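Spelled out, the chains give:
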Amino acid sequence: MWERNTQGSAFCNYCGREVTINTAPQEKTSEIRNDGPIPKEISYRKKIIISIAPFLILCLIIVGFLIAAPYISYIQAKSLMNNGEFDKATQAFTNLDGYKDSDELINETNYLKAQHLLKNKEYEKAIELFINLVNYKDSVKLKTESIYLLVKQNSSQGNYASAIELLEPIQDYKDSSNLLREANYREGVKKFRAYNFREAKELFMQVKTIRTQYNI
């Protein structure tokens, strides 16, 4: 009987030939695991990012505030102007130091304030503001109107000397020539009654001059 080859035998027990053992290679599978330690370079970068993150956030907040703050102040200043808080609005626009059209709005605020004073018969303050506004919008015309109304106010209170002084530069405005003639006459009467005849005479002469000049 033939004997089987012994397991692991290099030669055939029957014929003596070399025994070739065919073994199919076994596929080895290996799982890639990430359980190992994180590379030092990646870990270092993460630490840097984490450490500077608060600083970066703070910088973004500061930059955002610097950008937004002037705009917020500008909106608040316009709100003050529209609500009639003119002094606060002027100061707010001044603090903006030329942001957008804040310089122009300073003039607009003062103009609105002057109009408000004129409407409320605070003529002297209105005149001062209109003078400072120079040629802004119709400031010259409104200044003249303020002077005219102040003259009428002073005349109604018997303050003819002040009325005369104010009227002389605006004699051609409305019926200012009539008002000037009347103020000179009334002041002349006051001087005459106070026995100041020389000044009374000068005032009466002004009445005659005005009447001739304006054919009154």
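Anything mentioned here points back to the structure above.
A short tour of the structure in this document, coming up.

### A few points about the side chain of T90
For T90, the location among the structural elements is in helix α2 (residues 86-95). In contact with T90, not counting residues within four places along its chain, are I106, T109 and N110.

### A word on the environment of I127
Topologically, I127 is positioned in helix α4 (residues 123-132). On the basis of relative accessibility, which here comes to 10%, the residue I127 falls in the buried class. Along the backbone, I127 and K143 are 16 residues apart, and their C-alpha atoms lie at a distance of 5.2 Å. Ignoring sequence-local partners within four residues, the contact set of I127 consists of K143, S146, I147 and L150.

### Let's talk about the packing of aromatic side chains
Applying the stated criterion across every chain, the model contains eight aromatic pairs. Geometrically, the ring pair formed by Y74 and F93 is edge-to-face, given 6.5 Å between the ring centres and 70° between the ring planes. With Y74 in helix α1 (residues 40-82) and F93 in helix α2, this pair connects stretches of sequence that are 19 residues apart. The pair Y74 / F93 is uniform in exposure class, with both members buried. A centroid spacing of 5.6 Å and a plane angle of 75° characterise the contact between Y148 and Y173, whose relative ring orientation is edge-to-face. One end of the pair, Y148, is in helix α5 (residues 139-156); the other, Y173, is in the loop between α6 (160-167) and α7 (176-193), and 25 residues separate them in sequence. Neither Y148 nor Y173 differs from the other in exposure class; each is buried. These aromatic residues form a ring-pair network of at least three members: Y74, F93 and Y99.

### Examining a nonpolar patch on the surface
On the surface, a cluster of nonpolar side chains totalling about 280 Å² of accessible area is made up of Y71, I72 and I75. You can see Y71 is positioned in helix α1.

### Overview of α5
The terminal C-alpha atoms of α5 lie 25 Å apart, and with 18 residues this matches the ideal 26 Å at 1.5 Å per residue to within 8%. Where α5 is buried, its residues meet α3 (102-119), α4, α6 and α7. G158, located one to two residues past α5, shows a positive phi value of around 80°.

### Observations regarding the packing of α5 against α6
Axis separation between α5 and α6 bottoms out at 8 Å; the angle between their running directions is 160°. As summarised for this structure, α5 and α6 are arranged roughly antiparallel, according to the angle between their axes. Two packed elements cross with a definite hand, and for α5 against α6 that hand is left-handed. Of the residues in α6, those in contact with I147, L150, V151, N154 and S155 of α5 are Y160, S162, A163, L166 and L167.

### Details of the pattern of salt bridges
Following the criterion strictly, the structure yields 10 salt bridges and no others. In this structure, the salt-bridge partner of K125 is E122, at a minimum N-O distance of 3.6 Å. Where E202 meets R198, a salt bridge forms, and the shortest distance between an N and an O atom there is 3.3 Å. Remark: R198 and E202 occur in helix α8 (residues 197-214); sequence separation between them is four residues, near one turn of the helix. Several salt bridges converge on common partners, so that one network encompasses E187, K190, K191 and E199.

Analysis parameters
Residues numbered from 1 in each chain as written. Predicted model: local features only at pLDDT ≥ 70, side-chain atom pairs only at ≥ 80, totals over all residues. Heavy atoms only, no water. Helix = DSSP H or I, 4+ residues; strand = E, 2+ residues; numbered from the N terminus. Contact = heavy atoms within 4.5 Å. Buried < 20%, exposed > 50% of the residue type's maximum accessible area, 1.4 Å probe, protein only. Phe/Tyr/Trp six-rings, centres within 6.5 Å; stacked < 30°, edge-to-face > 60°. Patch = residues over 30% accessible without salt bridge, like charges linked within 9 Å, V, L, I, M, F, W, Y side chains within 5 Å. Areas by Shrake-Rupley, 256 points an atom, 1.4 Å probe, with all protein chains shown as cover. Salt bridge = Lys/Arg side-chain N within 4 Å of Asp/Glu carboxyl O. Expected span 1.5 Å × (residues − 1). Axes fitted to C-alpha atoms, helices over the stretch in contact; angles between N-to-C directions. Parallel < 35°, antiparallel > 145°, perpendicular 65-115°, else oblique. Left-handed = near helix turned anticlockwise from the far one by under 90°.

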